[in-house]
Amino acid sequence: MDTAPKVQIALGLAASAVLYLLVRNAYSGPNLDFIPTVGPSGSIWSYLGAFRYVFHAKEMFQEGYKRYPASMFRVAVIDRWSVLVSGKQLIEDVANAREQDLSFHQSTNEFLQTRYTLGRGIERDPYHPTVIRTSLSRNVGNRFPDVRDEIVCAFSELLPLQGEEWMAVPAYDTMLQVICRTSNRFFVGLPLCRNPDYLALNIGVAMDVVMKAQLINFLPAFLRPTLGPFISSLNNNMRRASKHLTPLVAERLKKMEESGGKDWPGRPNDLISWLVDSAEGDELSLTALVQRVIFVNFAAIRTSTDTIGHLLFDLAANPSYLQPLREEVEAIVNEEGWTKVSMGKMHKVDSFLRESQRLHGIGTQSLGRKVVKPDGFTFSDGTTLPNGTYVHATTWSLHHDPELYSNPDVFDGFRFANLRNAEEVGAAKHQAVTTSLDYLAFGHGIHACPGRHFAVIELKAILAHIVINYDVKLAKDEGRPPNQYIASACLPHASAKVLFRKRQS
Ligand code: HEM
């Protein structure tokens, strides 16, 4: 084919896409013209804003945060308007709003197109946050020895270091393996947590659900039931997951039937048991439980890997932190061994994690909600957002606000440990696990991340393991590998390498 027809086809497709978006936009969404806009407004020009949003959402949020402090503004996303709230009062309104007024689940299910990508049961019955907040979090201490053992094992296999030699390690992919193995040691135990196909499946789900969901979201709603299942890999993922998880889940359900209750001697203390304890009706079926285990993996793996990826780059870019971190970890571990309690005493390690999440939190916005109250949701400043409006908080701007954090653009690994030392009362508010109106890395309020109690212990145990066993530096003298900002995500560099060698002193 010569180039002229190719150009015509490309132009035709581009024109159809623009026409489709215009028509779609013209007929959808509530009227938000009374909310100030960052970027061009109006049905045609707003697309310029939507295109800017793809790679410059952070700058748009920052512009809105400065122009409309303690207020709200809107930005165009490819298929809708999104309202951003800045200022503590309005953020508190969002964090504390009831699910039937501002819905976290509806907003998330639309964003993830959950019914096609992760399963209808997950969309219909979100009982897992309670399981994570209660049974899973309560068992982090009991199961810590397993978590620690998996970290040690994963590192020794993934970093086969010899003598004094430095090894260049692909940071993101290596951390993905460590997190997937460690989390699954806690969720489903040995030997499944080391099964290569099971790990590849969970990593695949973590990496591609959001992308597939965006493609489905791009379709008009009436086409989604027909095309959604073809775009998503749900059926294939479930077939693979069943192969690994069905024998484990079936055994639990069989024992439950034989013993006439949900508990019996020798019952494994893991995610499958915790889910079985809470699941009811259809959710107690084999397929539904398998699907739920994969979903909890989805919630845990990408978030934790992105966070530890950022943290590893912060450590490699600031090697002067290695020694004080080592001293803290060694003093505590020599005294108390490796336990959840000893992790709690590592204030510098904790601070390093919180600071990394403050500066490079994985979402430049958070607290995603959709107004579902039929007559709209009224904020404490009197503004009413109509039913159907999508709302978020300006997380990145808040975390970089000089009024809230001194030298906000500087990485100060012990910022929060110093604040903790300075305050005798209320020092717990500076812990990595504590959410607040100044710190939204785990959200805040009713839907604050229920997995953060596990995530923080897991990530601290990984950081502690790295600092006492390895020397770490960046591959090139070019500074910290740049973050990759895509829409509202702040991703650690995907392919940058970090140099590791066995600790020399
Ligand atoms: C560093 C790692 C993690 C980060 C940064 C993170 C971040 C978040 C954020 C920002 C939210 C939304 C909160 C809101 O809108 O108020 C959230 C919700 C959630 N997270 Fe995490 N998360 C992490 C790890 C985990 C882990 C390990 C699990 C599971 C074991 C998990 C399970 C969930 C669930 C189920 C929800 C939804 C809560 C609900 O429906 O009320 N997360 N997370």
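Every chain's residues receive numbers from 1 upward, in the order its sequence appears when written. Totals for whole chains, interfaces and linings use every residue, but because this is a predicted model, local features are given only for residues with pLDDT of at least 70 and side-chain atom pairs only at 80 or more, for both listing and counting. Excluded from the side-chain calculation are hydrogens and water; included are all heavy atoms of the structure.

By the naming in an unreviewed UniProt entry, the protein is Cytochrome P450, taken from Mycena maculata. UniProt positions are given in the numbering used here, feature names are shortened, and annotations may be inferred rather than shown by experiment. Of the protein, the UniProt comment under Cofactor (unreviewed entry) reads exactly: "heme".

Colleague: Sorry if this is basic, but what is going on with the overall build of the protein here?
Modeller: Helix and strand definitions follow DSSP, with helices as H or I runs of at least four residues and strands as E runs of at least two, each counted in order from the N terminus. The number of helices and strands found in the protein is 20 helices and 12 strands. Seen through its C-alpha atoms, the protein measures out along the principal axes to roughly 65 × 60 × 60 Å. Counting only residues that meet the buried cut, the protein has 53% of its 505 residues in that class. Residues are treated as being in contact if the distance between any of their heavy atoms lies within 4.5 Å. Taking the intrachain contacts of the protein between residues at least 6 apart in sequence as the baseline, contacts between residues at least 24 apart amount to 74%. Asp and Glu are treated as the negative residues and Lys and Arg as the positive ones, with His and the ends of the chain left uncounted. A charged residue contributes its charge at one atom only: NZ of Lys, CZ of Arg, CG of Asp or CD of Glu. Taking the average location of the 53 positive side-chain charges in the protein and that of its 52 negative ones, the two points are 3 Å from each other. Categorising residues by exposure relies on relative accessible area from a 1.4 Å probe, with only protein chains included: less than 20% of the type maximum marks a residue as buried, more than 50% marks it as exposed, and the intermediate range marks it as partly exposed.

Colleague: Explain the coordination of the iron atom of the ligand to me, please; I cannot follow it from the model alone.
Modeller: For a metal bound by four donors in a tetrahedral arrangement, the ideal donor-metal-donor angle is 109.5 degrees, while six donors in an octahedral arrangement ideally sit at 90 or 180 degrees. Donation to the iron atom of the ligand from the protein comes from one atom only, Cys 449 (SG), at 2.3 Å. The residue Cys 449 is located in the loop between helix H19 (415-422) and helix H20 (452-469) in this model. Only nitrogen, oxygen and sulfur atoms qualify as donors, provided they sit within 2.8 Å of the metal or within 3.2 Å for Na, K and Ca; with water excluded from the atoms, sites may seem incomplete.

Colleague: Explain a nonpolar patch on the surface here, please?
Modeller: Residues enter patches when they are more than 30% accessible in relative terms and free of salt bridges; like-charged ones are connected within 9 Å and nonpolar ones (Val, Leu, Ile, Met, Phe, Trp, Tyr) within 5 Å. For every accessible area listed, the method is Shrake-Rupley and the probe measures 1.4 Å; residues are considered covered only by the protein chains on display. For this document, the term salt bridge refers to a Lys or Arg side-chain nitrogen within 4 Å of an Asp or Glu carboxyl oxygen. Taken together, Phe 51, Val 54, Phe 55 and Ile 486 make up a surface patch of nonpolar side chains, about 380 Å² in accessible area. For the nonpolar patch, the leading source of residues is helix H2 (residues 46-67), giving 3 residues. Among the secondary structure elements, Phe 55 is positioned in helix H2.

Colleague: Can you walk me through unusual backbone geometry in this structure?
Modeller: A negative phi angle is the norm for most residues apart from glycine, just as the trans form is the norm for most peptide bonds. For the peptide bond that leads from Leu 190 to Pro 191, omega is -5°, which places it in the cis range. Along the polypeptide, Pro 191 turns up in the loop between helix H9 (171-187) and helix H10 (196-218). At Ala 70, a position not held by glycine, the phi torsion is positive, near 50°. Along the chain, the position of Ala 70 falls in the loop between H2 and strand E1 (72-77). Residue class for Ala 70 comes out exposed when judged on its relative accessible area of 57%. Even without a glycine there, the phi angle at Gln 113 is positive, about 45°. Along the polypeptide, Gln 113 turns up in the loop between helix H4 (104-112) and helix H5 (114-117).

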